Amino acid sequence: MTSQLIQAFLVLAAFYIASLIIDRAIKQFQRRFDSTALETFRLISNSQRAILLFIGIVLALSKLGFDVAALVAGLGLTGFALGFALKDAISNLVAGVMIVLYKPIKLGNYIEVSNSKGIVIDLNLRYITIKGEGAVHLIPNSLILSNKVSIIDREDD
């Protein structure tokens, strides 16, 4: 029993250390981008840490002799159901990460997308906020990547 406990602890410690190393690498990579990408890198960092720690816990439980097959199968089905139910939210999140990293649109740009024109006043991981024509429009990020977006030069108006 003592050797199993030591093995479980070593597995968990290895995954924890791996998450710290990856976190440090992400922070080094983040320095290449400006502060607008901070939220994206924080999301990536927290996600990788949670995933690695969860895998470490499952493997440690397995080393202790617990049958984790049912747990893993149940979580797989739950993940599939959640992914299917949240596909639009996940699509907007992934598109938001791409927009923050590649910066096709910046704050202050005058854009037209999905029959809405206005000045970009906010960018986040879920939607872009544009203000124009007496209204504020929230455009989901997935629309920005899947539709034609016109960045209009205001001097031509």
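Residues numbered from 1 in each chain as written. Predicted model: local features only at pLDDT ≥ 70, side-chain atom pairs only at ≥ 80, totals over all residues. Heavy atoms only, no water.

The name given to the protein in an unreviewed UniProt entry is Small-conductance mechanosensitive channel, with Pseudoalteromonas gelatinilytica as the source organism. UniProt annotates the protein under Sequence similarities (unreviewed entry) with the comment "Belongs to the MscS (TC 1.A.23) family." Turning to the protein, the UniProt record has this under Subunit (unreviewed entry): "Homoheptamer." (UniProt positions renumbered as here; feature names shortened; annotations may be inferred.)

### A short note on a nonpolar patch on the surface
A cluster of nonpolar side chains, namely Leu12, Ile51, Phe54, Ile55, Ile57, Leu59, Leu61, Phe66, Leu71, Val72 and Leu75, defines an oily patch on the protein surface of about 900 Å² accessible area. Elements supplying a minimum of two residues to the nonpolar patch: α2 (38-63) and α3 (69-85). In terms of residues, the nonpolar patch owes the most to one element, α2, which gives six residues. Topologically, Ile57 is positioned in helix α2. (Patch = residues over 30% accessible without salt bridge, like charges linked within 9 Å, V, L, I, M, F, W, Y side chains within 5 Å. Areas by Shrake-Rupley, 256 points an atom, 1.4 Å probe, with all protein chains shown as cover. Salt bridge = Lys/Arg side-chain N within 4 Å of Asp/Glu carboxyl O. Helix = DSSP H or I, 4+ residues; strand = E, 2+ residues; numbered from the N terminus.)

### Looking at the environment of Ile55
Mapping Ile55 onto the fold places it in helix α2. When the C-alpha positions of Ile55 and Phe15 are compared, they lie 7.8 Å apart, and in sequence the two are 40 residues distant.

### Considering the nonpolar core
In globular proteins that are soluble, nonpolar side chains generally tend to be buried together. Membership of the largest hydrophobic core is limited to nine residues, which are Ile99, Ile105, Ile111, Val113, Val120, Ile128, Ile130, Ile139 and Ile144. Listed by contribution, the elements that provide at least two residues to this core are β1 (110-113) and β3 (127-132). Formed by six residues, the second largest nonpolar core is a distinct cluster that contains Ala37, Phe41, Val97 and Leu125. (Core = buried A, V, L, I, M, F, W, Y, C linked by side-chain atoms within 4.5 Å. Buried < 20%, exposed > 50% of the residue type's maximum accessible area, 1.4 Å probe, protein only.)

### Comments concerning the packing of helix α1 (residues 2-30) against α2
Angle between the axes and distance between the axes: these two values describe a pair of packed helices. Between α1 and α2, the shortest axis-to-axis distance is 8 Å and the interhelical angle comes to 170°. The angle between the axes of α1 and α2 places the two elements in the roughly antiparallel class. Of the residues that constitute the contact of α1 with α2, the class distribution is 19 nonpolar, seven polar and three charged. (Axes fitted to C-alpha atoms, helices over the stretch in contact; angles between N-to-C directions. Parallel < 35°, antiparallel > 145°, perpendicular 65-115°, else oblique. Nonpolar A, V, L, I, M, F, W, Y, C, P; charged D, E, K, R; others polar.)

### Considering the pairing of strand β2 (residues 116-123)
The sheet contact formed by β1 and β2 spans four bridges and is antiparallel. Residue pairing for β2: Ile111 is matched across the bridge by Gly118. In this structure, the hairpin formed by β1 and β2 is closed by a connection of two residues, where Ser114 is found at a positive phi of approximately 50°. Note that β2 and β3 share four bridges and pair antiparallel. Bridge pairing links Leu123 to Ile128 in β3. As consecutive antiparallel partners, β2 and β3 are separated by three residues. (Pairing = 2+ DSSP bridges.)

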